[in-house]
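Structural description and commentary
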Amino acid sequence: MDFDVIVIGGGVAGVSAALRASELGKSVVLVERDQIGGECINRACIPSKTLIDAVKTVNRVSSSPWIVSSSALDYARLNENKARIISAIKEKMERNLSSKNVRVIKGNAKIKGQGEVEVDGRVITADYTVFSTGSVPLSLPDFPLNGKNVLDPWTAMNLKEIKNRIIIVGGGVAGVELATLFRALNKEVTILELMPQLLPGFDKDLAITTKKRLEEKGIRVYLNAKSKIVNSESTVKFSVNLPNASEEVEGDLAVVTIGRKASTENLNLKEIGVEADQRGYIKVDERGKTTNPKVFAAGDVAGVPLSATKAWRQGIVVGDNLGGKDSKMSRYIPSSIFADMEIGTVGKTADDLRKAGVEVKEVTVEMRDIPRAWTLNEIEGFLKLVVAGDKIEGAHMIGEGATEVINTIALAMELGISINQLYSVTFSHPTVSEVIGEAVQRLTRGEIY
Ligand SMILES: Cc1cc2nc3c(=O)[nH]c(=O)nc-3n(C[C@H](O)[C@H](O)[C@H](O)COP(=O)(O)OP(=O)(O)OC[C@H]3O[C@@H](n4cnc5c(N)ncnc54)[C@H](O)[C@@H]3O)c2cc1C
């Protein structure tokens, strides 16, 4: 065999799997057909957060009348900064791979057989294979992407000039983040969401608060909207069926944030005995092992949640196991949304738990009760803890700092720390994290703030 391990796909899942396996003494080759860092670093998390963080800075200045100079975005320079950040992170990843002796081969990998991979005509062999080929946007029949005025999020974010009236299909994580971005660039923004709430699957109150904030910013949100594109020759026209009416909605650009599929076209899954689920995502166990014991999978290609948070962790777990260290996926994977008001969630919603027959109680602390929220000039939002017995089963936070605070709660949940144990923890003052202390206080003794 040429190598112990061949990793196909150099996104965050593939990079973390390769680095870990190599650190643990395996000879590793990583094949990437495009760019190291994959979707997250080059096209998704990092670029979108660079843009949104800039937007939030501008929003913050404009909502602070005591700051006398005004601010506005220079989109061209912002995009230059985005390119710089992407390069810096990607180059660091490439240096890490090189210093940890991971061999990187540029090219399109194709599975020839068990442990045999062809890369642009050359065959490489390895004992173990890791599939970390990610997922790709799906062109849906009702919203066919055309590369012109019906686009996927990445293409839309990279337009040099953004048209005025933007219709976003899907009010999930990407839809909410993009709406925030485009609205801050003074565009007319409409979200079309099929389900009865924005952010389907998220806590209801959190979704309501998000909708309220988006509408305050001037974004139109349609819920229960069964829509389809009826014409995209010059402008984009949608027919929108609502529960009691139907409308035509017209824009200059449609951004389709729904629909992705596992990227498995070259992997010959059936031939090597690797099973996929009904939606085409590779089935893995908690160690990232597929139905073929010599093949592992990590990241988007291994199914939901489709997040870099999960992909990075799953890559590490796979790398650990390849290197002989028994390692399993975390039970709780937090998720963050970087909208105008940040969102952080981990675990289940109260509704989901009740549906499953679990008896839960909830405690909600409004951000306006926390002194730091006032000094940050963002007093909207809340933290809701969902507790079963003495353990936190879900945390749902919206407000400044939510994407950071949620990690502390995930830590408590993963380690099984009880509410009573958390009561003994001191949170520094004045910080947003005090909201956790206050929630625990209210659950055990009563309100202090
Ligand atoms: C707009 C947007 C914003 C997002 N923001 C966030 C966020 O803030 N936080 C978060 O956690 N997640 C976010 N995500 C999701 C996140 O980007 C993905 O979940 C993550 O990138 C998946 O990583 P991966 O390594 O599994 O796959 P990918 O990043 O897709 O990497 C797969 C790699 O495999 C390569 N490849 C595929 N097939 C082959 C082959 N046959 N041969 C060689 N190479 C191949 C591809 O070129 C690619 O580089 C966002 C997604 C979008 C669309």
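Residues numbered from 1 in each chain as written. Predicted model: local features only at pLDDT ≥ 70, side-chain atom pairs only at ≥ 80, totals over all residues.

Condition: UniProt positions are given in the numbering used here, feature names are shortened, and annotations may be inferred rather than shown by experiment.
Per an unreviewed UniProt entry, the protein chain is named Dihydrolipoamide dehydrogenase, and its organism is Metallosphaera hakonensis JCM 8857 = DSM 7519. Regarding the protein chain, the UniProt comment filed under Cofactor (unreviewed entry) reads as follows: "FAD". UniProt's Sequence similarities (unreviewed entry) comment on the protein chain is quoted here verbatim: "Belongs to the class-I pyridine nucleotide-disulfide oxidoreductase family."

Focus on the overall build of the protein chain
So the rule is basically this: The secondary structure listing takes helices from DSSP runs of H or I that are at least 4 residues long and strands from runs of E that are at least 2 residues long, numbered from the N terminus. Only the C-alpha atoms count toward the radius of gyration. The rule for a globule is 2.2 Å times the residue count to the power 0.38. Burial is judged by counting the other C-beta atoms within 10 Å of a residue's own C-beta: 20 or more makes it buried, 12 or fewer makes it exposed, and any count in between marks it as partly exposed, with every C-beta position built from the backbone. Residues are defined as contacting one another if the C-beta atoms placed from their backbone atoms lie within 7 Å.
A tally of regular secondary structure across the protein chain gives 13 helices and 22 strands. Here the C-alpha radius of gyration of the protein chain, 23 Å, is about what a compact globule of 449 residues would show, namely 22 Å. In terms of overall dimensions, the protein chain has a C-alpha envelope of 65 × 60 × 45 Å along the principal axes. Residues classed as buried in the protein chain amount to 44% of the 449 residues present. Put simply, of all contacts in the protein chain between residues at least 6 apart along the chain, 65% involve residues at least 24 apart.

Considering helix α8 (residues 308-322)
The following threshold applies: One less than the number of residues in a helix, times 1.5 Å, gives the span that helix is expected to have.
Taking 1.5 Å per residue, 15 residues should reach 21 Å; α8 reaches 21 Å between its end C-alpha atoms and fits that length. The buried fraction of α8 is high, at 13 of 15 residues. One or two steps after α8, the chain reaches G324, where phi turns positive at roughly 90°.

Brief notes about the domain arrangement of the protein chain
Heads up, the condition is: Those domain boundaries reflect an automatic or database domain assignment. Residues are grouped as follows: Ala, Val, Leu, Ile, Met, Phe, Trp, Tyr, Cys and Pro are nonpolar; Asp, Glu, Lys and Arg are charged; every other residue, Gly included, is polar.
In terms of domain boundaries, the protein chain breaks down into domain 1 (3-137 + 260-322), domain 2 (150-256) and domain 3 (341-444). Placing the centre of domain 1 and that of domain 2 at their C-alpha centroids yields a distance of 28 Å. Contact with domain 1, which involves twelve residues of that partner, is made by eight residues of domain 2. The element contributing the most residues to the side of domain 1 that touches domain 2 is helix α3 (residues 45-62), with seven residues. Per-class residue counts for the side of domain 1 that touches domain 2 are nine nonpolar, two polar and one charged.

Some details on the nonpolar core
Going by this rule: The term nonpolar core refers to a group of buried residues, namely Ala, Val, Leu, Ile, Met, Phe, Trp, Tyr and Cys, whose C-beta atoms join them within 7 Å.
Within the largest apolar cluster, 73 residues are counted, with the highest numbers of intra-cluster contacts made by I168, A179, A254, V255, I409 and V435. Examining the composition of this core, we find that eight residues originate from one element, helix α6 (residues 173-184), more than from any other. Excluding its chain neighbours within four sequence positions, the residues that come into contact with A179 are I168, V189, I191, L214 and I219. Core analysis: the second largest hydrophobic core is formed by 51 residues, V12, V15, I36 and V102 among them.

Topic: the site of the ligand
The test is simple: What makes a residue near a molecule or strand is its C-beta atom, placed from the backbone, lying within 6 Å of it.
Around the ligand there are 34 residues in total, and G9, G11, G38, G134 and G299 lie nearest to it. Within the shell around the ligand, the residues separate by chemical class into 13 nonpolar, 15 polar and six charged.

What to know about the UniProt feature "domain: Pyridine nucleotide-disulphide oxidoreductase dimerisation" (unreviewed entry) in the protein chain
Under the present numbering, the feature "domain: Pyridine nucleotide-disulphide oxidoreductase dimerisation" (unreviewed entry) in UniProt falls on residues 333-439. This span, residues 333-439, is 32% helix and 29% strand, and a straight line between its end C-alpha atoms measures 21 Å.

Concerning the sheet that holds strand β18 (residues 335-338)
In plain terms, the rule: In this description, strands pair whenever DSSP reports at least two bridges between them. To obtain an axis, a line is fitted to C-alpha atoms, over the contacting stretch when the element is a helix, and the angle between two such axes runs from 0 to 180 degrees between their N-to-C directions.
Pairing in this open sheet of five strands is antiparallel, and the strands run β18-β19-β22-β21-β20 from one edge to the other. Edge positions in the sheet fall to β18 and β20 (361-366), since each has one partner strand and no second. Here the average twist between neighbouring strands, direction ignored, is 15°. With seven bridges connecting them, strand β21 (residues 382-388) and strand β22 (residues 391-398) associate as antiparallel partners. Its bridge partner being in β22, V386 is matched across the sheet by G394.

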